[in-house]
Amino acid sequence: MSPSTVTSVLASVPDPSSSAFKKAKRQYIRTTKNRNQDAGANWTPFRAAEKKFKARFPPPDLTDVLDLAAEERGEGGGGGRAISIGSFSDGKNIYTVPAVPGLVLLPSFVSPDAQRTLVQWALRDHARHPNETNLDAHYDLPPEGIWNAHLASLSHPKDVPLIKTKASAVRVVSQGEPSGPRQLISNDAAGTDNLYSLQAIPKPPPEPSTTVSDCSPSELVPKLRWANIGWSYHWGTKQYDFSKGKGHIDSRLRDLCRSAVSSVPWDKVFGGDTLEGWGDDDWKTWNETYEPDAGIVNFYQTKDTLMAHVDRSEVCATSPLVSISLGNAAIFLIGGLTREVEPVPILLRSGDVVIMSGPSCRRAYHGVPRILENTLPEHFGQSPRPADDEADASVSQTESATAVAAPAWEPYRTYMRNARININVRQVFPKGFVPGCQPQSLRQ
Ligand SMILES: O=C(O)CCC(=O)C(=O)O
Ligand SMILES: [Fe+2]
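Residues numbered from 1 in each chain as written. Chains lettered and ligands numbered in written order. Predicted model: local features only at pLDDT ≥ 70, side-chain atom pairs only at ≥ 80, totals over all residues. Heavy atoms only, no water.

What follows concerns the nonpolar core. The biggest cluster of nonpolar side chains holds 56 residues, and the ones touching the most others in it are Trp266, Phe299, Ile324, Ile355, Ile421 and Ile423. If you tally residues by element for this core, the top one is helix 5 (residues 112-126), at six residues. Beyond its immediate chain neighbours, meaning those up to four positions away, Ile324 contacts Val110, Leu118, Leu253, Leu256, Asp352, Val353, Ile421, Asn422 and Ile423. The next biggest cluster of nonpolar side chains, apart from the first, holds 23 residues, and it includes Tyr95, Val354, Val368 and Ile371. (Core = buried A, V, L, I, M, F, W, Y, C linked by side-chain atoms within 4.5 Å. Buried < 20%, exposed > 50% of the residue type's maximum accessible area, 1.4 Å probe, protein only. Helix = DSSP H or I, 4+ residues; strand = E, 2+ residues; numbered from the N terminus. Contact = heavy atoms within 4.5 Å.)

All right, on to the sheet that holds strand 3 (residues 103-106) then. Ordered in space as 1-2-3-12-9-14-7-4, the eight strands form an open sheet in which the pairing is antiparallel. Strand pairing shows two members of the sheet lacking a second neighbour, strand 1 (83-87) and strand 4 (226-230), which therefore form its edges. Put simply, the sheet's adjacent strands are angled 20 degrees from each other on average, direction ignored. Bridge analysis of strand 4 against strand 7 (residues 294-301) gives five bridges, and the strand direction is antiparallel. Looking at the pairing, Asn228 lines up with Ile296 of strand 7. The strands touched by helix 9 (residues 251-262) are strand 3, strand 4, strand 9 (321-327), strand 12 (353-356) and strand 14 (419-426); relative to strand 9, the strand with the most contacts, the crossing angle is about 115 degrees. (Pairing = 2+ DSSP bridges. Axes fitted to C-alpha atoms, helices over the stretch in contact; angles between N-to-C directions.)

What follows deals with the packing of helix 6 (residues 145-155) against helix 13 (residues 410-417). Interaxial distance between helix 6 and helix 13 falls to 11 Å at its minimum, and their mutual angle equals 115 degrees. Here helix 6 runs over helix 13; the crossing is right-handed. In contact with Trp147, Leu151 and Leu154 of helix 6, helix 13 contributes Pro411, Tyr412 and Tyr415. Grouping the constituent residues of the contact of helix 6 with helix 13 by class yields six nonpolar, no polar and no charged. (Left-handed = near helix turned anticlockwise from the far one by under 90°. Nonpolar A, V, L, I, M, F, W, Y, C, P; charged D, E, K, R; others polar.)

In space, the four strands of this open sheet follow the order 8-13-10-11, with antiparallel pairing throughout. Among the strands making up the open sheet, the edge pair consists of strand 8 (306-309) and strand 11 (344-348). Strand-to-strand, the axes of this sheet are offset by a mean angle of 25 degrees, without reference to chain direction.

Within the secondary structure, Gly327 is located in strand 9. With 90 residues separating them in the primary sequence, Gly327 and Arg417 have C-alpha atoms 7.7 Å apart. If we ignore the near neighbours within four places in the chain, the residues touching Gly327 are Ser350, Thr375, Leu376, Pro377, Phe380, Met416 and Ala419.

Between the first and last C-alpha of helix 9 there are 16 Å, a value that for twelve residues agrees with the 16 Å anticipated at 1.5 Å per step. Two to three positions downstream of the cap, the backbone nitrogen of Arg252 sits 2.8 Å from a side-chain oxygen, assigning the N-cap of helix 9 to Asp250. (Expected span 1.5 Å × (residues − 1). Polar contact = N/O pair within 3.5 Å; in protein donor to acceptor, adjacent residues only side chain to side chain.)

Within the first shell, the iron ion (ligand 2) binds the protein through His309 (NE2), Asp311 (OD) and His366 (NE2), at distances of 2.1 to 2.2 Å. Mapped onto the polypeptide sequence, the residues donating to the iron ion (ligand 2) form the spacing pattern H-x1-D-x54-H. This pair shows no difference in class: His309 is buried, exactly as Asp311 is. (Donors = N, O, S within 2.8 Å, 3.2 Å for Na, K, Ca; no water.)

We now examine the UniProt feature "binding site: Fe cation" (unreviewed entry) in the chain. The sites that carry the UniProt feature "binding site: Fe cation" (unreviewed entry) are, in the present numbering, His309, Asp311 and His366. These annotated residues cover 58 residues of sequence, and their C-alpha atoms lie no more than 8.9 Å from one another, placing them together at a single site. Position of His309 among the secondary structure elements: in strand 8. A polar side-chain atom of His309 sits 2.9 Å from the main-chain carbonyl oxygen of Met307. You can see His366 is positioned in strand 13 (residues 366-371). Leave out the neighbours within four places in its chain, and His366 touches Phe46, Met307, Ala308, His309, Val310, Asp311, Phe332, Leu333, Ile334 and Met356. (UniProt positions renumbered as here; feature names shortened; annotations may be inferred.)

Right, let's get into the pattern of salt bridges. Per the counting criterion, the structure on display carries 20 salt bridges. Notably, a salt bridge pairs Lys303 with Asp304, separated by 3.8 Å at the nearest N-O pair. When its relative accessible area of 58% is taken as the criterion, Lys303 is described as exposed. Residue classification places Asp304 among the buried residues on the basis of a relative accessible area of 12%. Between Arg413 and Glu410 there is a salt bridge whose closest N-O contact spans 3.1 Å. With Arg413 and Glu410 both in helix 13 and three residues apart, the pair spans about one turn of that helix. For Glu410, a relative accessible area of 35% translates into the label partly exposed. Counted as one network, the salt bridges with shared partners bring together Arg254, Asp255, Arg258, Glu291 and Lys431. (Salt bridge = Lys/Arg side-chain N within 4 Å of Asp/Glu carboxyl O.)

As structure tokens, this is what we get:
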């Protein structure tokens, strides 16, 4: 990483004279006083990397983080770990990372205009009924969704109805705070062979927390953590609940994902492969068969992390998972089929697209141990072009005239100052398949 990149990224790590740094140091001394010096000896390489990047004190050394923006500027941020396999007309590259076969990185694929549109889409149009969010288990949310209730409360501050909790007087076992980290639940990998037994597993609604209280929409907005799109993901069992039907996937998001997938020269990614572990479907047909049908919108506050996990609930175990980063930058770790594989740390900036594809990468452990504070790009200070509300969010490689700041954008900017949004889009089923048909239909 070049000195200029190091400086801009390290701006997110507290300065040693700041009170945040001193507080982190005090906390570190307090919590490590009685710690066994060998505590880290049994950590897997993945766990050790998570610990390193999560640490508030001492602040992590980011020198080895794969930074493709620096690579694009010719400053060598890839350290030889990423290979360009193609480029767009504006000169931006498409990269693979040989250590993780099937991983494709498209830095700055989403234009600043489209990033702002996607942020609006995620908060305003997506995190609301009928899509499920993490808050639904615990609160009676208004039908217009928590974000629109928050906007209304900003316009009418004197008349803000409280959001009521769902917990009844009966004591129930809490499943944790609504804003807490994701639970560690081990789930069976979905496939054509066990789809029907996985469907039969009971998928009860989550228990409402008894430790939360009624609060205003604005207090709840920072507690938003995820929203489902398309097929409904059941977080308790980590399996899809097809009985709920297939939710809508916004056509602009679908087109964006399809354009990312079709821009990749797949023969350069998998051309030398033996096709072992691929099943029926392989990369040669993705231009016709790739069809996103589910996804999770992740909302991170800058202190949040996402622990190591494998996304194994999709029947399509090799087709591309398209992951779009918006807002503050993050460290993304991706390793291999077990936590024993040393992960590659990758700096993901707003507008970057990660594609996880093929049998190794789709089942690789990955996670987000750190969001980097104060890395919101400047263009989040500008409102989208007026037409963007309805406009196509697809990649416009040519940036439009600077937008005039509009009061309507201000709440989004304020939210994004301390946030990162990740839109994680998956293909659960082969194109055209409808669950509930005979199992054989998957194999035709
Ligand atoms: O936030 C990210 O970049 C990754 C999210 C992720 O891995 C997931 O939603 O499964
Ligand atoms: Fe994931």
